[in-house]
Amino acid sequence: MALEILKKIIKKAYEPVLAEAEAFAPVNIALSKYWGKRQATLNLPYNSSVSMSLDLGAKTKVSATSATSADLIIINNKVLEKHQKISQFLDLFRPHADFYFKIESQSEVPVAAGFASSASGYAALVLALNRFFGWHLEGPALSVLARLGSGSACRSIYSGFVLWERGRDDELGLDSFAKPLNIDWPELKLGLCISTASEKYLDSRTAMQHCAATSPLFPGWVQACETDCSNTVQALLNKDFEQLGRLVEANALMMHAVMQASRPAIIYSDANTLNLIHRVRKLREEGLQIYFTQDAGPNLKLLFLEQDTQAVTKAFNDWKLIVCKNQSHKNPLF
Ligand code: PMV
């Protein structure tokens, strides 16, 4: 099925046009989340989602290796021993069966700790492959290819605020791709609260499938998501920070409620997560405009406006806090 999609997207034969090619793709943090696949092989989501790309991400270099039996995958200067998932994805692009890739990737955020490192990783890989093979593909096609690696990666091929519409084509999923929103809001900041950089205990693919199969809250989640997503886009268009913050926080808490109601329960939060959640709520009671979101890991992400950066940094001075910007959607990545 994936091969059929490739035939439609990449019409020419695959032969490298460069000895090596490099690309950068940003980490994206969902403001209204994707959680659940209506089609698992193609990563087709039940619902649309919207995200903010950060100024941090992954830089990935693609070349051929002279190795004769396997790809060589190096992440943050370490050779990856288990890379079945990446190699299966690379299977789609091999010029011939005994062609092996050398992939060197540097990630600016901790890998597999709920900081969307896989999204930026797969997006950077697709952008680098586009150059390596001289495909000259545009956004929708690149987004579809990135989605085949990891769902949320389809949003990481753009800067700024990005909408991934779920699409209706369940067979090939060619209408399920992300597009940039025509919004610039440089005053909106996102703080990554690094309480742990360790690998998450359950990968998002397994966790999503488990929720869809066992969580009694899952149907309600799918129903609420489309409205959350369009309201979030509207709050971004209006630059209504309070409305945005409320939606973002409620959406993340609903996703975690779905996880916690699954059987057996999935609990990504740890004691630090809960401490931080209470701290954010208390700061808000005291008048600071600050909201949070959380993905498939214990780390919290804070949402606030530039004018409050100093107050936020002070309130979290006992944490490792990385304050991130979003870059203009006019910033081209391909
Ligand atoms: O694309 P995946 O399989 O890494 O899943 C992403 C899931 C969340 O980060 C929790 C939500 C999202 O929309 O990014």
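Preceding block: the structure.
Residues numbered from 1 in each chain as written. Predicted model: local features only at pLDDT ≥ 70, side-chain atom pairs only at ≥ 80, totals over all residues. Heavy atoms only, no water.

Brief notes about the overall build of the protein
Counting secondary structure elements, the protein contains nine helices and 13 strands. A compact globule built from 334 residues would reach a C-alpha radius of gyration of about 20 Å, and the protein, at 19 Å, matches this within 12%. Its C-alpha atoms put the protein at 60 × 40 × 35 Å along the principal axes. Scored against the burial criterion, the 334 residues of the protein give a buried share of 54%. By sequence separation, contacts in the protein at least 24 residues apart represent 78% of the contacts at least 6 residues apart. When the accessible surface of the protein is summed, it comes to about 14400 Å², and 52% of that surface belongs to carbon and sulfur atoms. Distance between charge centroids for the protein: 1 Å, based on 35 positive and 33 negative side chains. (Helix = DSSP H or I, 4+ residues; strand = E, 2+ residues; numbered from the N terminus. Rg over C-alpha atoms; globule rule 2.2 N^0.38 Å. Buried < 20%, exposed > 50% of the residue type's maximum accessible area, 1.4 Å probe, protein only. Contact = heavy atoms within 4.5 Å. Areas by Shrake-Rupley, 256 points an atom, 1.4 Å probe, with all protein chains shown as cover. Lys, Arg positive; Asp, Glu negative; His and termini not counted. Charge placed at Lys NZ, Arg CZ, Asp CG, Glu CD.)

Here's the deal with helix α7 (residues 241-261)
Relative to the 30 Å expected for 21 residues at 1.5 Å per residue, α7 spans 30 Å between its end C-alpha atoms, a close match to the ideal helical length. For α7, the set of buried residues is F241, L244, G245, L247, V248, E249, N251, A252, M255, H256, V258 and M259. (Expected span 1.5 Å × (residues − 1).)

Some words on the pattern of salt bridges
Counted according to the given criterion, the structure contains 13 salt bridges. Note that K33 and D295 form a salt bridge whose closest N and O atoms lie 2.7 Å from each other. Taken together, the positions of K33 in the loop between β1 (20-32) and β2 (37-39) and D295 in the loop between β11 (291-294) and β12 (300-305) put the pair 262 residues apart, joining distant regions of the chain. Exposure remark for K33: the relative accessible area of 1% places this residue in the buried category. (Salt bridge = Lys/Arg side-chain N within 4 Å of Asp/Glu carboxyl O.)

Side note on unusual backbone geometry
Residue P264 is reached from R263 by a cis peptide bond, and omega for that bond is -5°. Along the chain, P264 turns up in the loop between α7 and α8 (271-285). Even without a glycine there, the phi angle at N43 is positive, about 55°. Relative to the helices and strands, N43 resides in the loop between β2 and β3 (44-45). One non-glycine residue, N76, lies in the positive phi region at around 50°. Of the residues examined, N76 reaches a relative accessible area of 30% and is grouped as partly exposed.

With respect to the site of the ligand
Looking at the ligand, there are 14 residues lining it, with Y34, S150, S152, R155 and S204 nearest. Within the backbone of Y34, an N or O atom sits 2.9 Å from an oxygen atom of the ligand. The protein chains hide 90% of the 380 Å² of surface that the ligand would expose on its own. When its residues are assigned to classes, the shell around the ligand shows six nonpolar, five polar and three charged. (Near = heavy atom within 4 Å. Polar contact = N/O pair within 3.5 Å; in protein donor to acceptor, adjacent residues only side chain to side chain. Nonpolar A, V, L, I, M, F, W, Y, C, P; charged D, E, K, R; others polar.)

A short note on the nonpolar core
Core analysis: the largest hydrophobic core is formed by 63 residues, its most contacted members being I10, W35, F93, F101, L125, W135 and L145. Residues contacting W35, with those up to four places away along its chain left out, are N47, S204, A207, M208, C211, F218, W221, M255, M259, Y268 and A296. If you look at the next biggest cluster of nonpolar residues, it comprises 30 residues, including V27, L56, L163 and L247. (Core = buried A, V, L, I, M, F, W, Y, C linked by side-chain atoms within 4.5 Å.)

So, the side chain of S156
Mapping S156 onto the fold places it in the loop between α4 (139-149) and β8 (161-164). The class of S156 is buried, set by a relative accessible area of 0%. Apart from the residues lying within four places of it in its own chain, the contact partners of S156 are A25, P26, V27, N28, A119, S120, A123 and L333.

Description of the pairing of strand β10 (residues 188-194)
Burial within β10 is extensive, with seven of its seven residues counted as buried. Burial along β10 is two-sided: L188, L190, L192 and I194 and K189, G191 and C193, pointing in opposite directions, are all buried. Strand direction decides the pairing type here: β10 and β12, joined by six bridges, are antiparallel. Along β12, the bridge assignment pairs L188 with L305. Where β10 lies against strand β13 (residues 320-324), five bridges are found, and the strand directions are antiparallel. Residue I194 lies in a different strand from β13, and its bridge partner there is K320. (Pairing = 2+ DSSP bridges.)

What about the state of the cysteines?
Enumeration over the complete set of coordinates arrives at zero disulfides. Counting only cysteine sulfurs, C229 is the nearest neighbor of C154, a cysteine outside any disulfide, at a range of 11 Å. Lacking any disulfide linkage, C225 is separated from the closest cysteine sulfur, that of C229, by 8.2 Å. (Disulfide = S-S within 2.5 Å.)

Brief notes about the sheet that holds β13
Taken in spatial order, the four strands of this open sheet run β11-β12-β10-β13, and their pairing is antiparallel. Each edge of the open sheet carries a strand with a single partner, namely β11 and β13. Within this sheet the neighbouring strands show an average axis-to-axis angle of 30°, counted without direction. Packing of α8 onto the sheet brings it into contact with β10, β11 and β12, and relative to β11 it is tilted by some 155°. (Axes fitted to C-alpha atoms, helices over the stretch in contact; angles between N-to-C directions.)

Things to note about the packing of helix α6 (residues 218-238) against α7
Two quantities define a packed helix pair, namely the angle between the axes and the distance from one axis to the other. Orientation of α6 relative to α7, taken along the N-to-C sense of each, is 160°, at an axis distance of 10 Å. Put simply, α6 runs roughly antiparallel to α7. Two packed elements cross with a definite hand, and for α6 against α7 that hand is left-handed. Residue-level inspection shows F218, W221, A224, C225, D228, N231, T232, A235 and L236 of α6 in contact with α7, the latter providing Q243, L244, L247, N251, M254, M255 and V258. Residue classes in the contact of α6 with α7 are distributed as 11 nonpolar, four polar and one charged. (Parallel < 35°, antiparallel > 145°, perpendicular 65-115°, else oblique. Left-handed = near helix turned anticlockwise from the far one by under 90°.)

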